[in-house]
Structures are given as C-alpha cells and as structure tokens.
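Next come the chains, spelled out residue by residue.
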Amino acid sequence: MGVDGFSKQLPGTAGAGRPDGRAVRVGPPDGPVLSGAAVAKLGRPRTPPAFVARPRLFRLLDGGTRRPVTLISAGAGWGKTALAASWAETVTPPAAVGWLGLDAENDRPDTFWSSVLAAIRRTGMAPDDDLVRGVNKGPATRRAPVERIAVALGRLSGPVILVLDELDAVVDPRILRDLGALLRHQPERLRLVLIARQDPPLPLHRLRTAGWLTEIRAPNLGFTMAEAAELLVGHGLQLADTELRTLLDRTEGWAAGLRLAASYLTARGDQYATARFTGDRGAVADYLMGEVLAHQPPAVRRFLIHTSIVDRLSGDLADAMVAGAHSQAMLERLERANAFVVGHGASPGWFRYHPLLRDLLRHLLQVEEPGMAPELHLRAARWYARHNAPLKAVTHAAAAGDWPLVGRLVVAGFVPFILSADRDALANVLREVPPDQFPRTAELKICAALLLFNARDYGGIPRQVADARLLLEHLGSTGRRPVEIALRSLELAVARARGDTTALIAAATDVLGLLAEVRLEELPSALQYRAIAVDNKGVGLLWNGDLDRADQYLRTALMGARAARLDLVEINATGHLAVIEFLRGSLREARKLASAAGELARTRGLTGSLQAVAAHTALTMVEVESNNLAEAEQTLKHGFDAHRCDPELAQGVALRVAQVRLLLARGSPAAAEVVLGQTWQEVDAATLAPVLLRWLTLAQAEIDLAAGRGRPQARTGPECVDEALAQRERVSLARADLAAGDIERADARLASVRDAPTDLVAAVEAWVVTALLADRQGRAVRSADALVRAVAIAEREGIRRPFSGIDRSRTADLIERQRWLAPDSSAFVAGVLGELRPGGGRPGAQSPAAELSTREMEVLRYLPTMFNAGEIAEELHVSVNTVKAHLRSIYRKLEVSRRREAVVRARGLGLLG
C-alpha cells in the first residue's frame, strides 16, 4: 500500500455496544466511556445485498493510503460508504483500519475527539495509556486537545487508516478548525479517509497543492458496463448490451439508481422496460425527494424546478428563466454540494442536472405549477434566439406551443440550417407544428416548405411559396425582407434540383441583392443565407460554362460556409471546385479538393449527402485520367449511393458521364453507349446546362472513336463560354481526323490547344496526337519532341489515360523509342509503358519480374499497403536492414526511385494485382 508501513493492510475490528444500549468503557479502566450507540458507530457497515466488489476503486484507495488524506465525495446513493467498507475488509497487516460513523451527536468537540480516539484504540495500534491520559486526564497544559492528540498519535505502534464516514454531520467550527490543524500536522503513521456528500470546509486546497490528497468523486464511483451487468445479475436480471447502455445513460452509473432500476424491472417482470425507467415516479422519486430536494431551501427547490426544462444551463440563461440574478453562484454551490448538478466540462460555466433528477423536477413543474411551463419555454426560446442558438430557440418555442414564434424564429435564424448537420433536428421540431397552423402566417408556410425540402419533395415547394407570398401583404418592408429572402432561397433549391441553371443563377442573384439591404439584427442568419446563395450561384455558373466566375463564387462560398458553420455548403463548394479543376485538367488540384471535401464529409458523417456527390464525381474523373480504374469504380459507387437518396439533375448527369468515361477506359464502348443512351432519354437537351450537354456530346464522340466509327457521330453541342471545354472537343475531332487519315486538318485543330492550353488533360492528349501525326509523316524529331512535351505535363499532374487511349500499340512504340534515346527517362514513363505493354519492356530486355528474387517479390507485395519498413520486417521475420536492402534492389530493377512509383510500375508490369 505504499510507504511508511502502508504497503499492507489489516482488517478493521468490527464491534457493537451492549444489546441493552447501556454505556460501555472503551479500552483500559481509565478509558473513555461511550454509549452503546456510540460504540456501534465504530463498526464498519454491512455491505448491501448483491454487492459488487470493484477492484479498480480498491486500487484507487490502495494508492490513496500512500498520501495522508483520501477524500470520497459524492452525492447521496453513490456507494461511498459501501465502497470504503468493502475495501477495508481487504486490508492486511501491518496496517489496521479504524472506522467512525458520524452523526449530529458527534458535533461537539469532546464527543467527536473521544469517538476518534475510541476508533483508533479499537485498531490495537494505540499505546494503552498515553492516548487517554493525553486527552482526558493529562496534566494541566495550555495546548489544545488536537495538539495533544497529535503528539499521542505520534506514538502509534503501527500504521492506522482512520475512516471518518458521514463527515457532513460535523459543522461545529471548533471541530473543523482542530481537524484542519490535525491535517496540517498529521502523524506519519496515520492516514485519514474522509467520506462526505460534499467537500468539508477543511484546508483541502493545501493538501491538493502539496500532492497529499487523493480524491474519489462521482465520475469515479459511477458503475461501468461490466460492473452494472454484475449488479443486475445479482438481482436476477440479465440485460442485452443496448438495454444496459440505456440504463447506464439514464442513471449515469449512479449506484442507488441502478439498484432502484433493478427493483423496478424485477417488479415489472419486464427486462425490456429500461427506456421507461425515469426519475419522476416510484422509489426513485421518493429517494430523490428525500435525499436531494428535502435538504434544499424553498427558493433553491423552486429554482431547480423552473430551470429543469432546459438540458444545459448557464448562469445567464437561468437568470432569464427565473427573472432573477446570481444564478451562476447558486449553480456553483449546488455543484460543490454534489446535489446532482454537474458542471459541463467541455463548456465552462455551463451545468446540467442528472437525468433522473431532471425527470423529477419536470414532473414537479407539471404537478405544482402546470401553467408555468409554457412561459418558461418562451423565456428560454427568447434567450437562445438572442444568443444565436436557433435550434434551441425553435425547440423551446415549439414546446411552448407558440407556433407563430416558431415560424418567425425559423425564418430569422434557421432556414439556412436545413443545409447543416442540424437538418434532421430542425425537421423533427417542425413536425410538431399542427397542420392547421401552417396557413396562419407566411413564416409558417415556409416551415411547411422546409418539411417538403427535407423530404426531397421539391415538386410541392412552389405551391407553399406561392401561398406564403399571399400572406405577405400585412407585413411592412422590414418584416417582409427576411421572408422574401427565405422564399427566394427555397425557389433557388427547387431550381437546382430540377437542373434549371438559369433560374438558379437568377434566384441566387436576387437573394444576394435582398441580403445587401437587410440588417443583421433583422436577420441573424444573414451570413448563412449569403453563403448558400453564393455557393449556388457558383454551381449555376459552373454548369453554364463560366468557369472563372464560378471559381470565384465557390471559393467565396467556401470561406463563408466555414465561418457560418454550414458543413454541407462547405462540402458542396469544395466538391464543385474540384470539378472545375478537373475541367481545367489540373488533376493534382482536383484530387486535393475532392479529397478535402470527402474527408470533411466523413468527419461530419455526411458522406451519403447530395452535397458530397460533386467530390465523388470529380475524384472518379481524376482516377480515370490517372488510370486508377479500381479506385475510380469505388468512388463512382459512393457517388451513386449518395445521389440515389437525393436526386439532382445536374449531378446525376455528371455521374453518368463519369461512368461512361470509366467504361471507355476499361475498354467497354458498348456498355458505355448503353449508359449514354439512357442518359439522353432522361434529359431534355433543349434545357440542359451547356457544360452537361457538352460533356454528353464529347462522351458520344469518345464512344464513336473507341468503336472505330471514324468521324464522331456526336450530337450538336452548344457553344461553350470557357475555352477549356472547347479544347477537349477540338482534340476529339483531331483524333477523328487522324483515324480518317486527314493529318493536316487534325494538326490544324490541335494548334490552339498546344499553343495556349487551358485544359491540361486536353493538352497532353493534343501532344500525344501530334506525336502520332508526326510519326505518320516520318518526322521523328517532331514526334519525339511532342512526346516529351506530353510527358512533361502528364508527369506533373499524374495524367496517364491519354497515352493508352489513342493508337495504343503505336504510342507504346514511340515511348519505347524515347526510352532508348533517353535511358535516364523517369519512372513515370516506365509506368506508362508498363500499362501499355503489361509484362513487357524494352525489346530483348529481361523482364523485371524475372529479375526479382522470391524475397523481393514478397517485399513488393507490401508496398501498396500502409506498412513501413519496420512493420514489413516484422511480418517477414527479417531485420529492417534486410528489408531496406530488398527495397533498394526493387527500385533499381524497376527503374524507379520512390515507393509510389514502384507500385505503379509493378502494376503496369502485372507484378501486383
């Protein structure tokens, strides 16, 4: 058990007074005379039925005896006494345990110290005479009794652990002063265990600072899952994990609560009624009334009842609810008193009530002041509205049944949050609005429209918007603007769902114009509205082909969404920025943005949201252009899964285009044509956004080329605003010219792409086609130069598909020739060649597969994993240096310099699956 002879412990000696209650003498003939009741306090309490021994807490107490004082402080029913008593039974020599249970009779100095001495004498460690004479019969001295006791305790024959139970019973300032003095001058062989419902007024801060205090509180005493299960088994109950977790959540591990729950469930004979176990009825209510509320003054009791309607409480919020002051001080006092008021660790200054106590308090509010609850909810709603907590404000307004206020709060602070993580929570509150209330105000009509939006019923929203506008006549311009902003925002959402980019841009522009005229106090959620409008205007501009302006709007939306805490808007803006970067052929930046959006979606649990679809689409396109087809297929699946739950025309078409490109990269033009044909049937080409229509047109051209039809049989596409989109079309037409043998026309089409590339993928493809054109003309130098330029761009961005998508065999020959001319060519080139000729390489050269040893092949298989060299060595049971030597050999034989390059090269050669 630690130092100073406390490494072992000794069971305390239980005892009792005379059966007839007469006084008895403790110790020698001149020892103190105590009543039978007083002697009974010196025995340890019995452990309750179905008691659960908890070794983890025993270890805390064992460790505590290495310090002078251990404090066990928690509210009623947390098992403080039972814990200490059961632990004391485990004590073994040479230490001994003395026990003193205190009550009001001990609240006198003479009685208290006599009882303390008696408890110590019962351990057998006190000298027979000194303790008694030093306090009761010693020579005249001016020293205080506690000083004489301290001197006498210094002569203990062995280590003693003195447990003072129910220390709250002692309030006499003289006793507390002397006990504090004893703590400051505590004998080496004495350890104190203090048990109380609240921290005693002793100089504990000095002990804590000096490292002499061990503290065990309610969080330590709370039962764990395993301990709770053992306790319930002792009552004949065996609950499923989910039921046990529910019970623990309700009781927060409170020992008395768990025992009362066991009695409740046993009496019902229903082990699945845990969700109905509450603190507002039966034995739990009686216990809390008697042990918690009965000890509170009427003003505190009323405070607790009135503030129980909120889940979390601050001093300022409590002041607003009880129309008073100094609530913060009261909450802090209640927390210190362990009155089932708990500080919220993550939010300093905030508190909450224990769930079972909160149940009881809310029940008392309904019984004692039934008309007060709505008013309290209204006070809470107004406070939360002032403090920018719209969900809390709307929730309490709904609880008060003030439906017009619900509508006003939603419009002022919550319409934008339908695009946040609080979306479902808002919908749950709005479902509480009685249907006959929606026609009362324009704001409530907006609430009805939001419910339709949450249900993805976009077709019903315009009717609700129209009805709301009819109700605007009674509103002045100040009150009208926030409502009009909300209505236009809803129309914006409908336009986007339908793929009407013209209406989308117009509605977003209108919202931004209205926001410019509104003051923040009129519309607290103005920043959120603005972020949504800017984001949607950027999306509209993107699909309309105005990539530069779309980029500006989406980046502005991205920053605004972060500031406004709109996760879905941030994910959406980032994903569409990734689409723009893909359209420009900047695969590295597109991958970075799409991955960032995906990571945020995963972190927030929003991977399956519509707003994540753009990131899935962009990443699929990037993986296709990088020839990572397995990764592309997985990402595309995620995109379709997210889109299926919340269809949107533009994103649906984009996903289909990505699917077509993946099928083409896999060499399945027939399957790609089927997908494209279905897509054409489902859209109206006359109203489809220009970028989407151009994508479909180019996809058809790609299919025609892959099917060997010569010139593309593509549908006529619109003129595109952005040059990047036009360049990809020119390359497609040049490829058709090449297939038809029209070399001069093909070269002319490619001139602008080569000279001023705005789409890097198109630029790589243009240079590859140029190399093939020059090769046809016998211009080897130009062909080689074109190939070098293609590789320079492609290597920087990770673009690989163009090399395998155009006259694969001849392109491989040209690259092979390039490697002969430039033997120091990069690993990227080796990887591309490996993809064009799996298992091949330089003519007449030995395959790297043949050169790799068996052990090198084993090491190679770990390279695509996250294992480092040390972990690979551990798996293969070799040294780290051996693995590093194998890695150097693998890199040399594969003609690469980095791990990633080795994986790409090995896959191209068919060495890795």
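Criteria and thresholds
- Residues numbered from 1 in each chain as written.
- Predicted model: local features only at pLDDT ≥ 70, side-chain atom pairs only at ≥ 80, totals over all residues.
- Heavy atoms only, no water.
- Helix = DSSP H or I, 4+ residues; strand = E, 2+ residues; numbered from the N terminus.
- Buried < 20%, exposed > 50% of the residue type's maximum accessible area, 1.4 Å probe, protein only.
- Contact = heavy atoms within 4.5 Å.
- Areas by Shrake-Rupley, 256 points an atom, 1.4 Å probe, with all protein chains shown as cover.
- Core = buried A, V, L, I, M, F, W, Y, C linked by side-chain atoms within 4.5 Å.
- Expected span 1.5 Å × (residues − 1).
- Phe/Tyr/Trp six-rings, centres within 6.5 Å; stacked < 30°, edge-to-face > 60°.
- Lys NZ or Arg CZ within 6 Å of the ring centre and 35° of its normal.
- Pairing = 2+ DSSP bridges.
- Salt bridge = Lys/Arg side-chain N within 4 Å of Asp/Glu carboxyl O.
- pLDDT = per-residue confidence, 0-100.
- Axes fitted to C-alpha atoms, helices over the stretch in contact; angles between N-to-C directions.
- Arc of directions from axis to C-beta.
- Parallel < 35°, antiparallel > 145°, perpendicular 65-115°, else oblique.
- Left-handed = near helix turned anticlockwise from the far one by under 90°.
- Nonpolar A, V, L, I, M, F, W, Y, C, P; charged D, E, K, R; others polar.

Right, let's get into the overall build of the protein. The number of helices and strands found in the protein is 46 helices and ten strands. Across the 913 residues of the protein, 55% fall into the buried class. The contacts in the protein between residues at least 6 apart in sequence include a share of 69% that link residues at least 24 apart. Here the protein displays about 38500 Å² of accessible surface, and carbon together with sulfur accounts for 52% of that area.

It is worth spelling out unusual backbone geometry at this point. In this chain, Pro93 is followed by Pro94 through a cis amide linkage whose omega measures 10°. By the secondary structure assignment, Pro94 is in the loop between α3 (80-88) and β4 (96-101). Positive phi, close to 60°, is recorded for Phe340, a residue that is not glycine. With respect to the element layout, Phe340 can be found in the loop between α16 (327-336) and β9 (341-343). When its relative accessible area of 5% is taken as the criterion, Phe340 is described as buried. Positive phi outside glycine occurs at Asn388, with the angle close to 55°.

Okay, the side chain of Arg735 next. Along the chain, the position of Arg735 falls in helix α35 (residues 723-740). Ignoring sequence-local partners within four residues, the contact set of Arg735 consists of Glu702, Leu705, Glu765, Val769, Gly805 and Ile806.

All right, on to the nonpolar core then. By size, the foremost hydrophobic cluster in this structure holds 239 residues, and its most contacted members are Val410, Trp543, Trp695 and Phe803. Of the residues forming this core, the biggest block, twelve residues, is contributed by helix α37 (residues 760-776). When residues no more than four places from it in sequence are discounted, the contact partners of Phe803 are Val764, Val768, Leu787, Ala790, Val791, Ala794, Thr811, Ile815, Phe828, Val832 and Leu836. Judged by nonpolar contacts, the second largest core, of 39 residues, contains Trp113, Leu182, Leu183 and Leu207.

Between its terminal C-alpha atoms helix α22 (residues 442-454) stretches 19 Å, which fits the 18 Å expected from 13 residues at 1.5 Å a residue. Burial analysis of α22 places 13 of its 13 residues in the buried class, the great majority of the element. A positive phi of about 65° marks Arg456, the residue just after α22.

Next up on the list: the packing of aromatic side chains. Evaluation of the coordinates by the stated rule reveals ten aromatic pairs. Considering the side-chain rings of Tyr264 and Phe277, the 5.6 Å spacing of their centres and the 50° angle between planes classify their relative orientation as tilted. Residue Tyr264 is found in helix α12 (residues 255-268), and its partner Phe277 is found in the loop between α12 and α13 (282-291); the two are separated by 13 residues along the sequence. Take Phe277: its relative accessible area is 2%, and that puts it in the buried class. Ring centres of Tyr862 and Phe867 lie 5.7 Å apart, and the angle between their planes is 55°; this geometry places the pair in the tilted category. Note on Tyr862: relative accessible area 19%, which makes it buried. By relative accessible area, Phe867 is classed as partly exposed at 28%. An aromatic cluster is defined as three or more aromatic residues linked by ring pairs; in this entry it consists of Trp78, Trp254, Tyr287 and Phe340. When the ring centre of Trp350 is taken as reference, the NZ or CZ atom of Arg312 above it lies at 4.8 Å.

Ordered by their spatial adjacency, three strands build an open sheet running β8-β10-β9, and the pairing between neighbours is antiparallel. For this open sheet the edge positions go to β8 (313-314) and β9, each flanked by a neighbour on one side alone. Alignment of β9 against strand β10 (residues 350-353), held across three bridges, turns out to be antiparallel. Looking across to β10, one finds that Val342 is bridged to Arg352.

A few words now on the pattern of salt bridges. Applying the stated criterion across every chain yields a total of 54 salt bridges. Residues Asp551 and Arg555 are paired through a salt bridge, measuring 2.9 Å at the closest nitrogen-oxygen approach. Taken together, the positions of Asp551 and Arg555, both in helix α27 (residues 547-564) and four residues apart, correspond to about one turn of that helix. A salt bridge links Glu625 to Arg801; the nearest nitrogen and oxygen atoms lie 2.9 Å apart. With a gap of 176 residues between them, Glu625 in helix α30 (residues 613-625) and Arg801 in helix α39 (residues 801-805) connect regions that are remote in the sequence. A residue is classified by how much of its surface remains accessible, and Glu625, at 0% relative accessible area, is buried. The buried category is assigned to Arg801, whose relative accessible area is 10%.

Averaged over every residue, the pLDDT of the protein is 85; the share at 70 or more is 88%. The low-confidence segment residues 840-850, where pLDDT is below 50, has 16 contacts with residues more than four positions distant or belonging to other chains.

You can see Val342 is positioned in strand β9. Here Val342 falls in the partly exposed class, since its relative accessible area comes to 29%. Spatially, the C-alpha atoms of Val342 and Arg312 are 9.8 Å apart, while their sequence positions differ by 30 residues. Excluding residues that lie within four positions of it along the chain, Val342 makes contacts with Glu335, Trp350, Phe351 and Arg352.

All right, on to the sheet that holds strand β7 (residues 213-217) then. Spatially, five strands are ordered β4-β5-β6-β3-β7 in an open sheet, and the strand pairing comes out parallel. Each having just a single partner strand, β4 and β7 make up the two edges of the open sheet. Taking each pair of neighbouring strands and ignoring which way they run, the sheet shows an average axis angle of 15°. In this structure, β4 lies alongside strand β5 (residues 160-165), joined through six bridges in parallel fashion. Within β5, the position partnered with Gly101 by the bridge is Asp165. The sheet strands contacting α3 are β3 (69-73), β4, β5 and β6 (190-196), and the helix crosses β6 at an angle near 150°.

With that out of the way, let us pick up helix α33 (residues 669-682). Its 14 residues give α33 an end-to-end C-alpha distance of 20 Å, which sits within 8% of 20 Å, the value for a rise of 1.5 Å per residue. Taken residue by residue, α33 has Ala672, Val675, Leu676, Thr679 and Trp680 as its buried positions. Down the axis of α33, the sector holding all buried residues measures 140°, keeping them to one side. Exposed residues pointing more than 90 degrees away from the buried face of α33 are listed as Ala670, Gln681 and Glu682. Buried positions along α33 lie against α32 (649-665) and α34 (690-706).

Next up on the list: the packing of helix α21 (residues 423-430) against α22. Running from amino to carboxyl end, α21 crosses α22 at an angle of 130°, the nearest separation of the two axes being 10 Å. Relative to α22, the element α21 lies oblique. Judged by the twist between their axes, the crossing of α21 over α22 is left-handed. Facing Arg423, Asp424, Leu426, Ala427 and Leu430 of α21, the residues of α22 in contact are Cys447, Leu450, Leu451, Phe453 and Asn454. Across the contact of α21 with α22, the residue classes tally to seven nonpolar, one polar and two charged.

Turning our eyes to something else, we now look at the packing of α33 against α34. It is at 10 Å that the axes of α33 and α34 come closest, and there the two elements cross at 150°. Considering the angle they form, α33 stands roughly antiparallel to α34. Considering the relative orientation of α33 and α34, their crossing is left-handed. Between α33 and α34, the contacting residues are Pro669, Ala672, Glu673, Leu676, Thr679 and Trp680 on the first element and Leu693, Leu696, Thr697, Ala699, Gln700, Ile703 and Ala706 on the second.

Here β8 runs beside β10; their pairing, made up of two bridges, is antiparallel. Bridge pairing in β10 links Leu313 to Phe351.

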